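Observations on the three-dimensional arrangement
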Amino acid sequence: MQRLALFDLDNTLVNLDEAFRTWAAEFADGYGLGREGVDRLIALDQEGYPHREVFFGKVRERFALSETADELWSRYRKRMPYLVRCRPEVMEGLARLRAAGWKVAIVTNGTADNQLGKLQRTGLAEAVDAYALSGLEGIRKPDVGLFEIAARRCGMGLSGGGWMVGDHPVKDIGGGRAAGLRTVWVHRGARLEQEHEADHVVTDVLQAMEVLHGERWSSRGDL
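Residues numbered from 1 in each chain as written. Predicted model: local features only at pLDDT ≥ 70, side-chain atom pairs only at ≥ 80, totals over all residues. Heavy atoms only, no water.

**Some words on the environment of Gly 162**
Inspection of the secondary structure assignment puts Gly 162 in the loop between helix H9 (144-153) and strand S4 (163-166). Sequence separation between Gly 162 and Leu 212 is 50 residues, and the spatial gap between their C-alpha atoms is 9.6 Å. Ignoring sequence-local partners within four residues, the contact set of Gly 162 consists of Met 1, Gln 2, Leu 4, Leu 181 and Arg 182. (Helix = DSSP H or I, 4+ residues; strand = E, 2+ residues; numbered from the N terminus. Contact = heavy atoms within 4.5 Å.)

Here it is as structure tokens:
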């Protein structure tokens, strides 16, 4: 198997939930919503709306705001790249993989401005060999096409195999398996009741990177 490692971005390489909580506190403070407002925003987020446009429609309705949902969504996208952080040890882990001969790419859904801003401000854009963003490519995980783009930009093809690491059991694990990749599910302490077909399950992306290092000789047939 070729040394190709594809990583999800949000809640895999970066802690989006933490950044969201910071944004929620800022937003609530700006509108005088208090601690209760922060809790309501977090609760709305945890309801799992598939698109932020829907989420901000709910926010506007819940707090009777004068701005449109599109205006709130636009402000959020501009702010989030400044709130997201990538831990130094994650950056070091990516560098270690590349030094060991792995080609590393990021495959993420989301709007181009938001996701590209995160990659640039965290330094992840320079820490990997390539990236494929749904907002730029017009296709979303679990569509195999997005994985194909990332692999191609690493100078490889999906036919040679590789790995997909991510926190979503459908978009990352299901999509990765459909693309012919082995998978590591970063479940981040969540309950493991839902069915999944991941090859490995970990609680942190650093553990996923150690899994990949354990496979380092597979391309020579030693495993």
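There's more to say after this.
**A few points about the nonpolar core**
Membership of the largest hydrophobic core comes to 50 residues, with the highest contact counts inside it found for Phe 7, Leu 13, Trp 23, Val 59, Leu 94 and Leu 124. Looking at which element gives the most residues to this core, the answer is helix H1 (residues 16-31), with seven residues. Within the second largest apolar cluster, 16 residues are counted, among which are Val 107, Ala 130, Ala 132 and Leu 181. (Core = buried A, V, L, I, M, F, W, Y, C linked by side-chain atoms within 4.5 Å. Buried < 20%, exposed > 50% of the residue type's maximum accessible area, 1.4 Å probe, protein only.)

**Section: the state of the cysteines**
Cysteine pairs can be covalently joined through their sulfur atoms, and such a bond is termed a disulfide. Throughout the structure, instances matching the rule amount to zero disulfides. Cysteine Cys 154 shares no disulfide, and the gap to the nearest cysteine sulfur, in Cys 86, comes to 17 Å. (Disulfide = S-S within 2.5 Å.)

**Observations concerning the pattern of salt bridges**
As a working rule, side chains carrying opposite charge can pair if their charged atoms are close by. Here the structure, examined in full by the defined rule, presents 15 salt bridges. In this structure, Arg 35 engages Asp 39 in a salt bridge whose closest nitrogen and oxygen atoms are separated by 2.8 Å. Residue Arg 35 and its partner Asp 39 are located together in helix H2 (residues 34-46), separated by four residues, close to a single helical turn. On the basis of relative accessibility, which here comes to 56%, the residue Arg 35 falls in the exposed class. Residue Asp 39 is classed as partly exposed on the basis of its relative accessible area of 39%. Between Arg 77 and Asp 113 there is a salt bridge, with its nearest N and O atoms 2.9 Å apart. In this pair, Arg 77 is assigned in helix H4 (residues 69-79) and Asp 113 in helix H6 (residues 112-122), connecting sequence segments 36 residues apart. A relative accessible area of 17% places Arg 77 in the buried class. The network of salt bridges with common partners includes Asp 8, Lys 141 and Asp 172. (Salt bridge = Lys/Arg side-chain N within 4 Å of Asp/Glu carboxyl O.)

**Here we look at H4**
When we look at burial in H4, the residues that qualify are Leu 72, Trp 73, Tyr 76 and Arg 77. Along the long axis of H4, the arc covered by the buried residues comes to 135 degrees, so they all point the same way. Facing away from the buried side of H4 by over 90 degrees, the exposed positions are Asp 70 and Lys 78. (Arc of directions from axis to C-beta.)

**Some points on the packing of aromatic side chains**
All told, the structure shown has 11 aromatic pairs when counted by the stated rule. Plain terms: the ring middles of Trp 23 and Phe 56 are 5.7 Å apart, the flat faces sit at 90 degrees to each other, and that makes the pair edge-to-face. Note that Trp 23 is positioned in helix H1 and Phe 56 in helix H3 (residues 52-63), a separation of 33 residues in sequence. When sorted by exposure, Trp 23 lands in the same class as Phe 56, which is buried. Within the aromatic cluster, the residues linked to one another by ring pairs are Phe 20, Trp 23, Phe 27, Tyr 31, Phe 55, Phe 56, Trp 73 and Tyr 76. The ring of Phe 55 is capped by Arg 52, whose NZ or CZ atom sits 4.8 Å from the centre of that ring. Its guanidinium or amino end placed over the ring of Trp 73, Arg 77 lies 4.8 Å from that ring's centre, counting from NZ or CZ. (Phe/Tyr/Trp six-rings, centres within 6.5 Å; stacked < 30°, edge-to-face > 60°. Lys NZ or Arg CZ within 6 Å of the ring centre and 35° of its normal.)

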